[in-house]
Structure formats: C-alpha cells, structure tokens
Amino acid sequence: MENLGRAFTLLLAGFVIVFVVLVLLIIIITLYGKIIQAAQRNADKKKQLPKPSVDPSVTKKAVTDPAPEQDSEEIPGEIIAVIAAAVDAVYGSKPHHIKKVKRSGRMRSAWGNAGLAENTRPF
C-alpha cells in the first residue's frame, strides 16, 4: 500500500509539472508573437512613404510625344508610360523631366539568359 501512495504522488507531481511547463511555454510563445507583430507594425509604418501624385500631363506627354530614337525599333507608348510612372514614383514631388528613352545596346547571350532565368526563378 505504501508503494501505491508513492506512485500516486509521483504521478500527480508529474502531471502538475508537465502542465505548468506547457502553460509557461504558451505564455512565452504568445508574448514573443506580440513582440514580433509590434516590431513589424513599426517597421511597416516607417516604410510607408507619402504617396506621390502622378501628373497626368507628364505621363500623357510621354505617351503621345515619344522622343526620337536612333534605333530602328520603336519603343511602344505603353512602355514609355510605365517608365514615366516609375520615374515619378522614385522622384515624387521633386521636379523631374524625362528627356529621352532608348534601348540599351547590350543584348544577353543565350548563356546570359540562362543564368538570369536560373538566378531569378521563384523558390
């Protein structure tokens, strides 16, 4: 009978210790998650920049009046509009003008294209 009482006490102590440790782990993980979320919110607030206003006349001018090019291939107006929007997004409220849009003279070889595809493929 003495062994049965000792076994019961040991069993009860084991259950109590296991559940106390589990509750502590839950509390630690919850606090860690809240700390990380707060840090991410602060980082997101710092990353948010004022949204630049797009001047439609600049974009419209870039689309309708492309700069003369030296290449025989002409860059489509949609591409020029995208480039103008990207420049406007980078410079924002600072005054800026796009004088010329031209293709770069470099073309990649087949090996260069394969390397680019290998290094930029999604995980």
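From a predicted model like this one, the values you see are computed outputs, not experimental measurements. (Residues numbered from 1 in each chain as written. Predicted model: local features only at pLDDT ≥ 70, side-chain atom pairs only at ≥ 80, totals over all residues. Heavy atoms only, no water.)

Draft legend 1. Quick look at the overall build of the chain. Helix and strand counts for the chain stand at 4 helices and 0 strands. Overall, the chain shows an N-to-C arrangement of helices and strands of α-α-α-α. With 123 residues in all, the chain has 7% of them scored as buried. Residue pairs in contact within the chain that sit at least 24 positions apart in sequence constitute 55% of those at least 6 positions apart. For the chain, the exposed surface amounts to about 11,500 Å²; the carbon and sulfur share of it is 65%. (Helix = DSSP H or I, 4+ residues; strand = E, 2+ residues; numbered from the N terminus. Buried < 20%, exposed > 50% of the residue type's maximum accessible area, 1.4 Å probe, protein only. Contact = heavy atoms within 4.5 Å. Areas by Shrake-Rupley, 256 points an atom, 1.4 Å probe, with all protein chains shown as cover.)

Draft legend 2. Spatial organisation of helix 3 (residues 77–91). With 15 residues, helix 3 extends 21 Å between its outermost C-alpha atoms, agreeing within 8% with the 21 Å of an ideal straight helix rising 1.5 Å per residue. Residues I80, A81, A84 and D88 constitute the buried set of helix 3. Each buried residue of helix 3 lies within a common arc of 100° when the element is viewed along its axis, so the set occupies one face. Those residues of helix 3 that are exposed and aimed more than 90 degrees away from the buried face are E78, V82, A89 and V90. G92 lies just past helix 3 and shows a positive phi near 60°. (Expected span 1.5 Å × (residues − 1). Arc of directions from axis to C-beta.)

Draft legend 3. Here's a closer look at the pattern of salt bridges. All chains considered together, the criterion is met by 1 salt bridge. Between R121 and E118 there is a salt bridge; the shortest N-O distance is 2.8 Å. (Salt bridge = Lys/Arg side-chain N within 4 Å of Asp/Glu carboxyl O.)

Draft legend 4. Fine view of the confidence of the model for the chain. The predicted model of the chain averages 81 in pLDDT, with 79% of residues at 70 or higher. Mean pLDDT values over the elements of the chain span from 53, in helix 2 (residues 56–64), up to 92, in helix 1 (residues 2–47). (pLDDT = per-residue confidence, 0-100.)

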